[in-house]
Amino acid sequence: PAMIPYIRKEVVEEQQWFSRDVFATGIAISQVIPGATAMQVAAFAGLNVRGVPGAFAAYLGFALPAFLMILVLTHMYAVYSSAEVIVAAFNGFKVVVIAMIAHSVLSFAREYITSISSFLMAVLAMAWLAVNLNPIIILVGICCLSMVLEKKTSQKQFSSIRINRKQTICWLLF
């Protein structure tokens, strides 16, 4: 999920392929379906812009570089795990990952916590996670609570997504 703000910046702000609301809907749907959320969001963007081939290209373009990098890093770690340079590099990666997650949290908060009720739901979800409740219970609870508190969601937000039923099924299979 730490990559989602970077995807949003590219597809909403720079390329202007679709609106913030459509992107937010894509994130919400991506979080519900199985798989890595950032990969699902990339596939959603590709699907919305270029159909099924676009979804496949976006999915592959997002996954392949990370996969190859992990392969190389795993090999380096297996072969050179005792070298000080490799140990220092992997410790540096930890800092980078923490910074990316922090950036993601702040970016999501600025972009999507737009009301007192959304702030309270975010705090409630964090509190539930802190006491190790089942994430499914948290998801269902926050969804039900948002239906009560966030009545302003319009049907227009969902109708502006330009994908058909066949494309949606293909996206869900990714």
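Keep in mind that this is a model prediction, so the values were computed, not measured.

Caption draft 1: Looking closely at the packing of aromatic side chains. All told, the structure shown has four aromatic pairs when counted by the stated rule. Taking 6.3 Å as the distance between ring centres and 20° as the angle between the ring planes, the aromatic pair formed by F18 and F23 counts as stacked. Across the pair, F23 and F18 agree in class, each one buried. Aromatic side chains F18 and F44 sit 5.7 Å apart centroid to centroid with 75° between the ring planes, which places their arrangement in the edge-to-face category. Highlighted residues: F18 in the loop between helix 1 (4-14) and helix 2 (20-32) and F44 in helix 3 (residues 37-80), separated in sequence by 26 residues. This pair shows no difference in class: F18 is buried, exactly as F44 is. An aromatic cluster is present here, built from F18, F23 and F44 joined pairwise through their rings.

Caption draft 2: Seen up close, the confidence of the model for the protein. For the protein, mean pLDDT is 81; residues scoring 70 or higher make up 86% of the total. The secondary-structure element of the protein with the lowest mean pLDDT is helix 7 (residues 155-159), recorded at 48, while helix 1 shows the highest, at 90.

Caption draft 3: Inspection of the nonpolar core at higher detail. I4, I7, V11, F18, F23, I27 and V41 are the most contacted members of the largest nonpolar core, which totals 14 residues. Elements that contribute at least two residues to this core include exactly helix 1, helix 2 and helix 3. It is helix 3 that contributes the most residues to this core, five residues altogether. Once residues lying within four places of it in the same chain are set aside, the contact partners of F23 are I4, I7, R8, V11, V12, F18, V41 and Y112.

Caption draft 4: Spatial organisation of the packing of helix 2 against helix 4 (residues 84-112). With their axes 12 Å apart at the nearest point, helix 2 and helix 4 run at an angle of 125° to one another. Relative to helix 4, the element helix 2 is oriented oblique. Considering how the two elements wind past one another, helix 2 and helix 4 form a crossing that is left-handed. Every residue of helix 4 that contacts helix 2 at R20, F23, A24 and I27 is listed here: F108, E111 and Y112. Looking at the contact of helix 2 with helix 4, its residues break down into five nonpolar, no polar and two charged.

Caption draft 5: The pattern of salt bridges, seen in detail. Taken as a whole and judged by the stated rule, the model has three salt bridges. Its salt-bridge partner being R8, residue E111 comes within 3.8 Å of it at the nearest N-O pair. On the criterion of sequence distance, the pair formed by E111 in helix 4 and R8 in helix 1 is long-range, its members being 103 residues apart. Look at E111 and you get buried, because its relative accessible area is 13%. Of the charged contacts, one joins E111 and R20 as a salt bridge, the two residues approaching to 2.3 Å between their closest N and O atoms. Of this pair, E111 sits in helix 4 while R20 is found in helix 2, placing the two residues 91 residues apart along the sequence. The exposure class assigned to R20 is partly exposed, which follows from its relative accessible area of 45%. One salt-bridge network, held together by shared partners, links R8, R20 and E111.

Calculation criteria
- Residues numbered from 1 in each chain as written.
- Predicted model: local features only at pLDDT ≥ 70, side-chain atom pairs only at ≥ 80, totals over all residues.
- Heavy atoms only, no water.
- Phe/Tyr/Trp six-rings, centres within 6.5 Å; stacked < 30°, edge-to-face > 60°.
- Buried < 20%, exposed > 50% of the residue type's maximum accessible area, 1.4 Å probe, protein only.
- Helix = DSSP H or I, 4+ residues; strand = E, 2+ residues; numbered from the N terminus.
- pLDDT = per-residue confidence, 0-100.
- Core = buried A, V, L, I, M, F, W, Y, C linked by side-chain atoms within 4.5 Å.
- Contact = heavy atoms within 4.5 Å.
- Axes fitted to C-alpha atoms, helices over the stretch in contact; angles between N-to-C directions.
- Parallel < 35°, antiparallel > 145°, perpendicular 65-115°, else oblique.
- Left-handed = near helix turned anticlockwise from the far one by under 90°.
- Nonpolar A, V, L, I, M, F, W, Y, C, P; charged D, E, K, R; others polar.
- Salt bridge = Lys/Arg side-chain N within 4 Å of Asp/Glu carboxyl O.

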